[in-house]
Amino acid sequence: MLFDKPLKSGEVVSVKLITGEELIARFEKDDAGDILTVSKAVVLAPGEKGIGMVPWIMSAEPNEVQLNKRTVITYSLTQKEIATKYLEMTSSIQLV
């Protein structure tokens, strides 16, 4: 995939899969082969207080997940407002 500038490890990305799922995760690396590595992957889900973020794989450790690029339609930096909420949720840091 081509970007104006390469993504850096730790940047928040949105990943669209061929299943229709959209993940929000921290970008780790895109190797030259078939693997895209992300960490702390979540999906958006409706909740009592509106839309929330839940772990993509409930039973997995929240660390790195390797995605086969054949299952990825596209990925891009996440909108700033959503990325800020994601970072607040996945870390103990509150961003202003």
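Shown above is the structure to which this text applies.
Described in the following lines is the structure provided in the data block.

Here is what the cut-offs are and how they apply
- Residues numbered from 1 in each chain as written.
- Predicted model: local features only at pLDDT ≥ 70, side-chain atom pairs only at ≥ 80, totals over all residues.
- Heavy atoms only, no water.
- Buried < 20%, exposed > 50% of the residue type's maximum accessible area, 1.4 Å probe, protein only.
- Helix = DSSP H or I, 4+ residues; strand = E, 2+ residues; numbered from the N terminus.
- Pairing = 2+ DSSP bridges.
- Polar contact = N/O pair within 3.5 Å; in protein donor to acceptor, adjacent residues only side chain to side chain.
- Core = buried A, V, L, I, M, F, W, Y, C linked by side-chain atoms within 4.5 Å.
- Contact = heavy atoms within 4.5 Å.

## Section: the pairing of strand β1 (residues 12–17)
Here is step 1: With 5 of 6 residues buried, β1 lies mostly within the body of the structure.
Here is step 2: Here β1 pairs with strand β2 (residues 22–30) via 5 bridges, running antiparallel. The residue of β2 that forms the bridge with serine 14 is isoleucine 24.
Here is step 3: From the end of β1 to the start of β2, which pair antiparallel, there are 4 residues, and glycine 20 there has a positive phi angle of about 100°.
Here is step 4: Bridging between β1 and strand β6 (residues 72–77) involves 5 bridges; their strand directions are antiparallel.

## Structural notes on the side chain of serine 39
Here is step 1: You can see serine 39 is positioned in strand β3 (residues 35–47).
Here is step 2: A distance of 2.6 Å separates polar atoms of two side chains, one belonging to serine 39 and the other to glutamate 28.

## Concerning the nonpolar core
Here is step 1: The biggest cluster of nonpolar side chains holds 15 residues, and the ones touching the most others in it are Val15, Leu36, Val38, Leu67, Val72 and Tyr75.
Here is step 2: Elements supplying a minimum of two residues to this core: β1, β2, β3, β5 (64–68) and β6.
Here is step 3: A total of 4 residues in this core trace back to one element, the largest contributor, which is β3.
Here is step 4: Among residues more than four places away in sequence, those in contact with valine 15 are Glu21, Glu22, Leu23, Leu36, Leu67, Val72, Thr74 and Tyr75.
Here is step 5: Among the nonpolar cores identified, the runner-up in size contains 6 residues, and Val42, Met53, Ala83 and Tyr86 belong to it.

Honestly, that's just the spatial picture; any functional story needs more than this.
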